[in-house]
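Results of the structural survey
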Amino acid sequence: MTSNPPKAIVVGAGPAGCLSAISLANLGWDVTIFERRRDLREPALQNAANGFSETFRQRSINLTLSARGFAAIWAIDSSIVEPLLKQAVPLQGRISLYCIGRDPLSAILVDKAASKDNVDVHFLHKVETIDFDKNTLHVENTVSGEKLDVKFDLCIGADGSHSVIRRHLLAATRMEYSQQYLSHEYIQIKIPYGLDPAGNPVSLLPANYLHVWPRGDSTLVAMANKDKSFNTAIFAPRSVFSGMESPEDLLPWFQSDFPDFMSVLGKEKLLAELRRNPRSQLIITKANPYHKGAAVILGDAAHSMVPFDGQGLNSSLEDVRILSILLRRAQQASAGPSHFGHNAAAVSRVLEQFSENRHDDVTAMSDLSMNSHYNLRRGFATFGYVIKKYIDKILYAGSAKGAGKLTLSDLKENIYGPPPSGWMPLYNMVSFRADISYATAKKKAASQDRLMDRAGMAIGLLAVGYALRVLFL
Ligand SMILES: Cc1cc2nc3c(=O)[nH]c(=O)nc-3n(C[C@H](O)[C@H](O)[C@H](O)COP(=O)(O)OP(=O)(O)OC[C@H]3O[C@@H](n4cnc5c(N)ncnc54)[C@H](O)[C@@H]3O)c2cc1C
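All of these numbers come straight from a predicted model, not from anything done at the bench.

The rules behind these values
All residue numbers refer to positions counted from 1 along the written sequence of the respective chain. pLDDT decides what is reported in this predicted model: residues at 70 or higher carry local features, side-chain atom pairs at 80 or more are listed and counted, and totals for whole chains, interfaces and linings draw on all residues regardless. Only hydrogens and water are set aside; all other atoms, that is, all heavy atoms of the structure, feed into the side-chain values. A run of H or I in DSSP becomes a helix once it reaches four residues, and a run of E becomes a strand once it reaches two; helices and strands are each numbered from the N terminus. The reference for a compact globule is 2.2 Å times residues^0.38; the radius of gyration itself is calculated from the C-alpha atoms. Should any heavy atoms of two residues lie within 4.5 Å, those residues are counted as being in contact. In short, Shrake-Rupley with a 1.4 Å probe defines the accessible areas, and a residue's cover is counted only from the protein chains shown. All tallies of charge rest on Lys and Arg as positive and Asp and Glu as negative; His and the ends of each chain are not included. All charge positions are set by atom: Lys at NZ, Arg at CZ, Asp at CG, Glu at CD. Distances are taken per atom, and a residue is near a molecule or strand as soon as one of its heavy atoms is within 4 Å of it. Definition of a polar contact: a pair of N or O atoms within 3.5 Å, with one able to donate and the other able to accept a hydrogen when the atoms are protein atoms, and with sequence-neighbouring residues admitted only if both atoms are side-chain atoms. Three classes are used: nonpolar for Ala, Val, Leu, Ile, Met, Phe, Trp, Tyr, Cys and Pro, charged for Asp, Glu, Lys and Arg, and polar for all others, with Gly counted as polar. When DSSP finds two or more bridges between a pair of strands, those strands are recorded as paired. For helices, the fitted axis covers only the stretch in contact; all axes are lines through C-alpha atoms, and the angles between them, taken along N-to-C directions, range from 0 to 180 degrees. The rule is simple: take the accessible area with a 1.4 Å probe, protein chains only, and divide by the maximum for that residue type; under 20% is buried, over 50% is exposed, in between is partly exposed. Among buried residues, the Ala, Val, Leu, Ile, Met, Phe, Trp, Tyr and Cys ones that are joined through side-chain atoms within 4.5 Å form a nonpolar core. An automatic or database domain assignment supplies the residue ranges for each domain. Oblique is the label for every angle not falling under 35 degrees (roughly parallel), over 145 degrees (roughly antiparallel), or within 65 to 115 degrees (roughly perpendicular). Two helices that cross are described as forming a left-handed crossing if the nearer one is turned anticlockwise from the farther one by less than a right angle, and a right-handed crossing if clockwise.

Concerning the overall build of the chain
When helices and strands are tallied, the chain shows 16 helices and 21 strands. Since a compact globule built from 473 residues should have a radius of gyration of about 23 Å, the 24 Å found for the chain is in line with a globular shape. Summarising its shape, the C-alpha atoms of the chain cover approximately 85 × 55 × 45 Å along the three principal directions. Relative to all contacts within the chain whose residues are 6 or more apart in sequence, the contacts with residues 24 or more apart total 68%. Of the roughly 21300 Å² that the chain leaves accessible, carbon and sulfur atoms contribute 55%. The average position of the 52 basic charges and that of the 46 acidic charges among the side chains of the chain differ by 6 Å.

Things to note about the site of the ligand
Surveying the vicinity of the ligand reveals 31 residues, the closest of which are Ala16, Glu35, Thr64, Asp300 and Leu313. The contact in question runs from an oxygen atom of the ligand to an N or O atom on the backbone of Gly312, over 3.3 Å. In the environment of the ligand, an oxygen atom lies 2.8 Å from a nitrogen or oxygen atom belonging to the backbone of Leu313. Relative to its unbound accessible surface of 1000 Å², the ligand loses 94% to contact with the protein. Mapped onto the shell around the ligand, the elements with two or more residues apiece are helix H1 (15–26), strand E5 (62–65), strand E9 (125–131) and helix H10 (312–333). The greatest single-element share of the shell around the ligand, amounting to 4 residues, is contributed by H10. Class assignment for the residues of the shell around the ligand results in 12 nonpolar, 11 polar and 8 charged.

Observations regarding the sheet that holds strand E19 (residues 280–288)
One open sheet holds the 5 strands; their spatial order is E16-E17-E18-E13-E19, and the pairing between them is antiparallel. Taken across any chain shown, the strands that pair with only one partner, and hence form the sheet edges, are strand E16 (211–215) and E19. If you compare each strand with its neighbour and ignore which way they point, the axes differ by 25 degrees on average. In this structure, E16 lies alongside strand E17 (residues 218–224), joined through 5 bridges in antiparallel fashion. From the neighbouring strand, Trp213 faces E17, where its bridge partner is Leu220. Docked against the sheet, helix H7 (residues 247–257) engages strand E13 (176–191), E16, E17 and strand E18 (230–237), running at close to 100 degrees with respect to E18.

So, the environment of Ser3
Position of Ser3 relative to the elements: it lies in the segment before strand E1 (7–11). In the structure, Ser3 is positioned 130 residues away from Asp133 in sequence and 26 Å away in space, judged by C-alpha atoms.

Considerations on helix H5 (residues 164–172)
Residues of H5 that are buried include every one of Val164, Ile165, Arg166, His168 and Leu169, and no others. With a side-chain oxygen lying 3.2 Å from the backbone nitrogen of Ile165, the N-terminal cap of H5 falls on Ser163.

Considerations on the nonpolar core
As a rule of thumb, soluble globular proteins bury nonpolar side chains together. Grouped together as the largest cluster of nonpolar side chains are 87 residues, with contacts concentrated most on Leu24, Trp29, Leu84, Leu137, Leu154, Ile165 and Leu323. Here this core takes 9 residues from H10, the largest share from any one element. In this structure, this core is formed jointly by two domains, domain 1 (7–178 + 285–373) and domain 2 (180–281), each of which donates at least three residues. Contact partners of Leu84, with chain neighbours within four places excluded, come to Leu65, Phe70, Ile73, Ile100, Leu105 and Ile108. Counting residues in each nonpolar core, the second largest holds 25 residues, with Val89, Ile189, Ile191 and Met244 among its members.

Comments concerning the packing of H1 against H10
Their axes nearest at 9 Å, the elements H1 and H10 cross at an angle of 20 degrees. By the angle between their axes, H1 is roughly parallel relative to H10. Here H1 runs over H10; the crossing is right-handed. Where H1 abuts H10, its residues Pro15, Ala16, Leu19, Ser20, Ser23 and Leu24 lie against Leu313, Ser316, Leu317, Val320, Ser324 and Leu327. By residue class, the composition of the contact of H1 with H10 is 8 nonpolar, 4 polar and no charged.

Observations regarding the pairing of E18
In terms of burial, E18 is largely enclosed, as 8 of its 8 residues are buried. Residues of E18 alternate between two faces, with Phe230, Thr232, Ile234 and Ala236 on one and Asn231, Ala233, Phe235 and Pro237 on the opposite face, all of them buried. As defined by bridge partners, E13 adjoins E18 across 8 bridges and the pair is classed as antiparallel. Looking across to E18, one finds that Ile189 is bridged to Thr232. As paired strands, E17 and E18 are joined by 6 bridges and run antiparallel to one another. Within the sheet, the bridge partner assigned to Ala224 lies in E18 and is Phe230. Joining the antiparallel neighbours E17 and E18 is a turn of 5 residues, in which Lys228 adopts a positive phi near 80 degrees.

Looking at the domain arrangement of the chain
Per the domain assignment, the segments of the chain are domain 1 (7–178 + 285–373), domain 2 (180–281) and domain 3 (382–472). Between the C-alpha centres of domain 2 and domain 3 there is a distance of 34 Å.

What about the packing of helix H13 (residues 383–397) against helix H16 (residues 438–472)?
Their axes nearest at 11 Å, the elements H13 and H16 cross at an angle of 110 degrees. When the axes of H13 and H16 are compared, the pair comes out roughly perpendicular. For the pair formed by H13 and H16, the contact residues are Lys388, Ile391 and Asp392 on the first element and Gln448, Asp449, Met452 and Asp453 on the second. Split into classes, the residues belonging to the contact of H13 with H16 amount to 2 nonpolar, 1 polar and 4 charged.

Things to note about unusual backbone geometry
Between Asn288 and Pro289 the backbone carries a cis peptide bond, its omega angle lying at 0 degrees. For Pro289, the location among the structural elements is in the loop between E19 and strand E20 (291–292). Despite not being glycine, Asn135 has its phi angle at roughly 45 degrees, a positive value. Take Asn135: its relative accessible area is 17%, and that puts it in the buried class. Although it is not a glycine, Asn208 adopts a positive phi angle of roughly 60 degrees. Along the chain, the position of Asn208 falls in the loop between strand E15 (201–202) and E16. Asn208 gets classed as partly exposed once you look at its relative accessible area, which sits at 25%.

Below, the structure is given as structure tokens:
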């Protein structure tokens, strides 16, 4: 145990907040988490029928956890990986990609954080404001109404897309900030498991797959749960939903555009789901810098992106890995956590490094996710896209894949590895190579694309030349 440990406050017990708390506790800090919601592990909140808690139900979409996210978790605390794997469903045909419900993921991370002697978790405590000059948070106990002033040596704002810490940073710094609501909205729909003749649960869709129904502007995505049910989300432009305000209004549209989905779920169950789950917005936020003094934002608070590459969570967990490396290096260079943590200027320097390190990468990922939004809706079906992906695969197969790759242990100490050599599809770099930054992946994929376009053009010109020669000579 550290004597006179520095004090960190984490705002938000989502995945990024919990992993941050675990990381700081492992680095010798005293950590307090404030979370405005209830503890989702409380038995009264559990809905035995579907495994979702009441408070979280409306956002209980499944999340894909890729090698990038796992590497971050492993680097912070490898003991979390095993319980996660027990709750996650491996997705076939997508190496090292797992799907996990938001609730089981959060429960495992909250459990781990709360099991640490130097972590206190306070649910139903809403952070209202932050004073950057006095390093103080103003917090309300939403049950008793009591107001608290809490001092910190480091504050991590992991309070999601509508972050209160970001709002105060925006007012207190020269932050560049943009916010955009996507024209698409989404509705969550649960497909329950069926029962076989012996009464055992069975999946109503082929299990262990990520199912995607692209329909031009609209897309339906289904991800498997451990109990053989599926969590699905339908994404469609607001204009499609407008004029279809009641669940009954939506039925003909489902019937005409997603008849196979309708036949699996049935009209009554679909109606019940549509009545239960409201339409939700997708928001993209970009901010720079992420810090002021001893306070920093990370995860969705710093960068909300559209979910079409499944990297929102993975990038948030990677934020924690990178901040943890920077903090550990600074602590090692200073005489340990107490010496470092009580030195406000030293803490601020590390947060500045985090902002500088992270901004270009997460912005690159956010932009890539928007491209995937387009591809998911239309591009997958185009001939050009299919051909390009095929060539991508062939070139990758002939490439030296592992050259220069960092091991998991390396990723505890190193932010990224050397630039990758050989040919590598963008998807592999983004999801499965935690040693490659998003910005590097985006740049390399763009240069590979240009090469492919040039090669395609050269082949086209040769073909035209040959045809002319045959016709006229
Ligand atoms: C439809 C959809 C599908 C997605 N699919 C994927 C996917 O497949 N893969 C993937 O990687 N990502 C996915 N994401 C993104 C992923 O959900 C987020 O990136 C991730 O949850 C971010 O975690 P976080 O901890 O930063 O924020 P959050 O999970 O939003 O947690 C923030 C926490 O802060 C708390 N809080 C907020 N304000 C306060 C306050 N004032 N005081 C105290 N507590 C507060 C909140 O209650 C919450 O618990 C998806 C997102 C959506 C919307």
